[in-house]
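Listed below are the residues making up each chain.
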Amino acid sequence: MDGTMNAVAVRVDDSGVAHVELCRAEAGNAIGLAMATGLLDAARTCEKADGLRVVLLTGRGRSFCVGGDLREFADLAGDELALHLGRVTDALHGAMRVFAGLDAPLVAAVQGAAAGAGLGLAAAADLTFAASDAVFVAAYTGIGYSPDAGVSWSLPRLVGPKRALDLLLTNRRVTASEAAEMGLASRVVATGRLAEEARSAAEELARGATGAFGVTRRLVAAGLSAGLDAHLDAEARHLAGAAVSDEGREGVAAFLARRSPDRGISPVT
């Protein structure tokens, strides 16, 4: 399945990997209304795709995403600007909600700058690969803006509230290695190997237990705010469901037979 939606391209290959690419390389993949709307359309395409197993999010050109399209915003003022920003964030946040609700894990490959909303997209991924020359920066308060793209929600959970405020208030640039140390990036790879490493991880996940991945994603997200007793109950309930699913039964049978599981079966429901 192939498609191009405004400034975002999406293609779901035969292995169930959805390749979602931000395509405004000349503008650092800055997010204006067209980009945000395209990302929402791409997310909905992923949501509707048969056999979706993983989403790989990339940015074309030198940077992953430099944040909001300030040139677009600067042409507006007052109520018109507020209304426009509302439309941008509605679409961007809608895309992030769709991606978060999928069983399929989200993998991001970050090169160059991940700033503002780009930082939010990188932080939202389940696995975030950072090229060795990547730089992460909040950027919002530097121009008198407050965060969007879930940054004020995701950063405290990834790096802790004190360090999150340091990044959000000072807008200091974080290198790839520091991002990995603080939990903002999953892995740092050589710049020339970023695409290969991220694609390889996506393909490996595509061979995994998608239904169990979805349950695990939701458990981890819920566990950050749930009490221990409620969370243990949720784990037990979901584990029982996974164990009796086709996916779970095949996983155990394959393990006992010392073979790779057949993932062309029904996921956990």
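For the structure, see preceding data.
Only a predicted model underlies this, so the values are computations on that prediction, with no experimental measurement involved.

Conventions and cut-offs
- Residues numbered from 1 in each chain as written.
- Predicted model: local features only at pLDDT ≥ 70, side-chain atom pairs only at ≥ 80, totals over all residues.
- Heavy atoms only, no water.
- Helix = DSSP H or I, 4+ residues; strand = E, 2+ residues; numbered from the N terminus.
- Rg over C-alpha atoms; globule rule 2.2 N^0.38 Å.
- Buried < 20%, exposed > 50% of the residue type's maximum accessible area, 1.4 Å probe, protein only.
- Contact = heavy atoms within 4.5 Å.
- Areas by Shrake-Rupley, 256 points an atom, 1.4 Å probe, with all protein chains shown as cover.
- Lys, Arg positive; Asp, Glu negative; His and termini not counted.
- Charge placed at Lys NZ, Arg CZ, Asp CG, Glu CD.
- Core = buried A, V, L, I, M, F, W, Y, C linked by side-chain atoms within 4.5 Å.
- Axes fitted to C-alpha atoms, helices over the stretch in contact; angles between N-to-C directions.
- Parallel < 35°, antiparallel > 145°, perpendicular 65-115°, else oblique.
- Left-handed = near helix turned anticlockwise from the far one by under 90°.
- Nonpolar A, V, L, I, M, F, W, Y, C, P; charged D, E, K, R; others polar.
- Expected span 1.5 Å × (residues − 1).

Trainee: Explain the overall build of the protein to me, and be specific about the residues and the numbers.
Mentor: Regarding its fold elements, the protein presents 11 helices and 10 strands. At 19 Å, the protein has a C-alpha radius of gyration in line with the 18 Å of a compact globule built from 269 residues. Seen along its three principal axes, the alpha-carbon backbone of the protein occupies a region of about 60 × 45 × 40 Å. Sorting the 269 residues of the protein into buried and exposed places 46% on the buried side. Within the protein, counting contacts between residues at least 6 apart in sequence, those at least 24 apart form 68% of the total. Summing over all exposed atoms, the protein offers an accessible surface of approximately 13300 Å²; the carbon and sulfur share of this is 54%. In the protein, 26 positive and 32 negative side-chain charges are present, and the distance between their average locations comes to 3 Å.

Trainee: Tell me about the environment of Ala 138, residues and numbers included.
Mentor: Mapped onto the elements of the fold, Ala 138 is located in the loop between strand E8 (135–137) and helix H5 (151–159). The exposure class assigned to Ala 138 is buried, which follows from its relative accessible area of 2%. Sequence spacing of Ala 138 and Gly 67 is 71 residues, and the spatial spacing of their C-alpha atoms is 8.9 Å.

Trainee: Tell me about the nonpolar core, residues and numbers included.
Mentor: Counting 60 residues, the largest nonpolar core has Leu 39 and Phe 136 as the members making the most contacts within it. Residue contributions to this core peak at eight residues, all from helix H3 (residues 78–101). For Leu 39, the residues in contact, after removing those within four places along its chain, are Val 8, Val 20, Leu 22, Leu 57, Leu 92, Ala 95, Phe 99 and Leu 121. Grouped together as the second largest cluster of nonpolar side chains are 15 residues, Ala 109, Leu 194, Ala 201 and Ala 206 included.

Trainee: Give a detailed account of the packing of H5 against helix H6 (residues 161–170), specifying residues and quantitative values.
Mentor: Where H5 meets H6, the closest approach of the two axes is 7 Å, and the angle between their N-to-C directions is 130°. What the angle tells us is that H5 and H6 run oblique. Where H5 crosses over H6, the handedness of that crossing is right-handed. Across the interface between the two elements, Val 151, Leu 155, Pro 156 and Val 159 of H5 pack against Pro 161, Arg 163, Ala 164, Leu 167 and Leu 168 of H6. Looking at the contact of H5 with H6, its residues break down into eight nonpolar, no polar and one charged.

Trainee: Summarise helix H9 (residues 210–223); cite the residues concerned and give the values.
Mentor: In an α-helix, one turn spans 3.6 residues, which is why side chains three or four residues apart end up on the same side. A rise of 1.5 Å per residue sets the reference length of H9, with its 14 residues, at 20 Å; its end C-alpha atoms lie 20 Å apart and thus fit the reference within 8%. If you check which residues of H9 are buried, you get Thr 210, Gly 211, Gly 214, Val 215, Arg 217 and Leu 219.

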